[in-house]
Amino acid sequence: MRILFEDYHYNKGAIPSLEGIAPIESQDGTMKLPYVGYYYDAKDGAVFILPKVFMVNIRVEDNGDSENQNAVFKAFGRYKPEDLIDVSPDNTRLSSQDKAFLFGISAWLYQAIALFNDRQTDNEITSSRSLAGLVCNRGEGDATLIDHILALLRFNKEHQNLFTYIAIIKHSGNNKIHWTKTIRQTQPFLLHQGKPFYLQCKTKNKVINYDEELLVLFFSTLDYLAHSYYFPVKKNLNYDTLKAHRVAHLIETGKGTRLLRKIRNRYFADELVALWGLLYAFYEQAERVAQKKAYSERLLVRNFNIVFEDMIDTLIGENGLPRGLKEQKDGKIIDHIYRDKSLFDVDDIYFIGDSKYYKEGNKVGENALYKQFTYAKNVIQYNIDIFNRKQDGDILPYRDKLTEGYNPTPNFFVRGFVDPNDLSYSDSKLRNDGRVDCNYHFTNRLFDRDTLLILTYDINFLYVLSAYVQSHGTSDSVNSFLRKRFRDDIVEVFEKEYDFYLLNPLKNGLTREEFVEKYFRKLIGKIYCTTEGRLLLALKKAERDNDQLLESISLDVDPQRCDINGNPNAI
């Protein structure tokens, strides 16, 4: 097994020659592979190319001077990439736990790309497959060798009770004394007290156990694969398995499939028939590759950012949205968009996200910010068009008719990262890096159409990877958790940046309409009327004219400090 990394600069000759996969030579003479995925042939075995997000920046002090530090990238923050090119028994730099981890992450990644391949259609030049630069020789319904290996591992994990049951049933009674035969067929030894002792007892003969024969081959195959790919194998039963070289001989000579065809008609239980099918499929594929009857297997993507986008979208995105939202009229396509509760109102509003697949250390650039602001403006205009034309469909509260204030549209970026201190698949480690990017025409006008804020998040790439493979994006618990976190953080940022006031009740017998009309020039872009009829005033903190504005409107209203939802008791 070999482990390589996307876009890492290797010395010439360090990368194995992969048929049809040409590395790129850099100006300094190093070579890099712009691919992520799986490759297999009889010469090099399994080659996994992992994403560059796994290359973690380690700060190394130079000569003890803390101010003079060099940036060193290590795989998962702990391995030199060159040490992983050949993961074999001869590689003493890696422990068995290290090798098991590397196979595990490679298997997760393979399944994610395979799922992306199955999810996408390729009926147009701008399809996700084409944009991702997918290189695949898997036909529809075909399986690679790694597919067969993962299927055998799943069967072993899910059928431990079956193996235990077979062992109990088939081994019960073996070597037990058969007293009827013993008394009839042997002479006892009589002691002086007349008690007989039988020195040659007849025991129950062990019959041929055909179920055990299949299980021995199954566990022998797992042992062989564990020796090649270093994954841990759980075995509760003490079977005398074949040595790894014996299984390799079965594959090289084609005897594995012949042996399985010979014992095919001995099994009728559904689980054992399924196990026979899995073993036969594996040996058939392995023999084809070993005997060079099959081309090299490959499942690679050139632009992994497209796959990462699909991974995030299946976790937080939403299907069935109206046309013109995700695929906008100007040709832009939003990465992630979904409906959720508005920040200021009881109705829904669209949340807009953009996933960024970067190597660690890279920041969100100006172009990405500009595009994200444009996405939000297009979504706002889409809903305003529905409102103006009184078209059928949901009219979300993007503009308040009374105050002409706009309901702020939530925006965020999501980037993948790897925590070298905790390589966990179960914790999202979702974190807001504290960066808030703003777009506005007028200062201190939160409810203006062009006032937009964008937050940037980092999320554990391993968590996204496992959730994508296991749930296929259908887990409501994952969606609700991430969506709630995004909304709560955006609310927190708004409350940190602005002071909110509830403008009820009014004085002097003024109605809401009369109050808004009287102070419209002063309050435009600063007030918003919710669906429930509450007038909210938002003032950016530390602005010099805030006190003067509050004093001027206090003649007709008592402004009460409140939270973003208009609850005065929260302050």
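The structure we're discussing is the one just above.
A short tour of the structure in this document, coming up. Given the structure is predicted, the values throughout are model-derived calculations rather than measurements. (Residues numbered from 1 in each chain as written. Predicted model: local features only at pLDDT ≥ 70, side-chain atom pairs only at ≥ 80, totals over all residues. Heavy atoms only, no water.)

Remarks on the sheet that holds strand β14 (residues 411-417)
The strand order β12-β13-β14-β16-β15 describes an open sheet built from 5 strands, whose pairing is mixed. Each edge of the open sheet carries a strand with a single partner, namely β12 (336-341) and β15 (431-439). Along the sheet, successive strands turn relative to each other by an average axial angle of 30 degrees, direction set aside. Pairing of β12 with strand β13 (residues 348-356) involves 6 bridges; the strand directions are antiparallel. For His336, the partnering residue across the bridge sits in β13 and is Gly353. Together, β12, β13, β14, β15 and β16 (452-460) form the strand contacts of helix α11 (residues 366-389), whose direction differs from that of β13 by roughly 155 degrees. (Pairing = 2+ DSSP bridges. Helix = DSSP H or I, 4+ residues; strand = E, 2+ residues; numbered from the N terminus. Axes fitted to C-alpha atoms, helices over the stretch in contact; angles between N-to-C directions. Contact = heavy atoms within 4.5 Å.)

Considering helix α10 (residues 304-316)
For α10, which comprises 13 residues, the first-to-last C-alpha distance of 19 Å matches the rise-based estimate of 18 Å (1.5 Å per residue) to within 8%. For α10, the tally of buried residues reaches 11 of 13 residues, placing the bulk of the element in the interior. When α10 is considered as a whole, its buried residues turn out to be Phe304, Ile306, Val307, Phe308, Asp310, Met311, Ile312, Asp313, Thr314, Leu315 and Ile316. (Expected span 1.5 Å × (residues − 1). Buried < 20%, exposed > 50% of the residue type's maximum accessible area, 1.4 Å probe, protein only.)

Examining the packing of aromatic side chains
As enumerated under the stated definition, the model contains 27 aromatic pairs in all. With 6.1 Å between their ring centres and 45 degrees between their planes, Phe308 and Tyr357 make a pair best called tilted. On the criterion of sequence distance, the pair formed by Phe308 in helix α10 and Tyr357 in the loop between β13 and α11 is long-range, its members being 49 residues apart. In terms of burial, Phe308 and Tyr357 fall into one category: buried. Ring centres 4.9 Å apart and planes at 70 degrees place the aromatic pair Tyr457 and Phe486 in the edge-to-face group. With Tyr457 in strand β16 and Phe486 in helix α13 (residues 476-497), this pair connects stretches of sequence that are 29 residues apart. Since its relative accessible area comes to 1%, Phe486 is described here as buried. Joined through ring pairs, the aromatic side chains of Phe5, Phe54, Phe76, Tyr79, Phe101, Phe304, Phe308, Tyr357 and Phe461 make up one cluster. (Phe/Tyr/Trp six-rings, centres within 6.5 Å; stacked < 30°, edge-to-face > 60°.)

Comments concerning helix α8 (residues 255-262)
Since the α-helix packs 3.6 residues into each turn, any two residues three or four apart lie on the same face. Along α8, the residues that are buried comprise Gly256, Thr257 and Leu260. Projected onto a plane normal to the axis of α8, the buried residues spread over an arc of 95 degrees and lie on a single side. (Arc of directions from axis to C-beta.)

Digging into the side chain of Arg487
Turning to its location among the elements, Arg487 is positioned in helix α13. Apart from the residues lying within four places of it in its own chain, the contact partners of Arg487 are Lys341, Ser342, Leu343, Phe351 and Asn565.

Some points on unusual backbone geometry
One non-glycine residue, Phe76, adopts positive backbone phi at about 60 degrees. Within the secondary structure, Phe76 is located in the loop between β7 (65-75) and α1 (96-119). With relative accessibility at 0%, the residue Phe76 sits in the buried group. A positive phi angle, close to 60 degrees, is found at Glu404, a residue other than glycine.

So, the packing of α8 against helix α9 (residues 270-290)
α9 packs onto α8 with a crossing angle of 155 degrees between their chain directions and a minimal axis gap of 8 Å. What the angle tells us is that α8 and α9 run roughly antiparallel. Crossing of α8 against α9: the hand is left-handed. Each of Lys255, Gly256, Thr257, Leu260 and Arg261 in α8 lies in contact with α9, whose residues at this interface are Trp276, Leu279, Tyr280, Tyr283, Glu284 and Glu287. Each residue belonging to the contact of α8 with α9 can be placed in one class, and the counts come to 5 nonpolar, 2 polar and 4 charged. (Parallel < 35°, antiparallel > 145°, perpendicular 65-115°, else oblique. Left-handed = near helix turned anticlockwise from the far one by under 90°. Nonpolar A, V, L, I, M, F, W, Y, C, P; charged D, E, K, R; others polar.)

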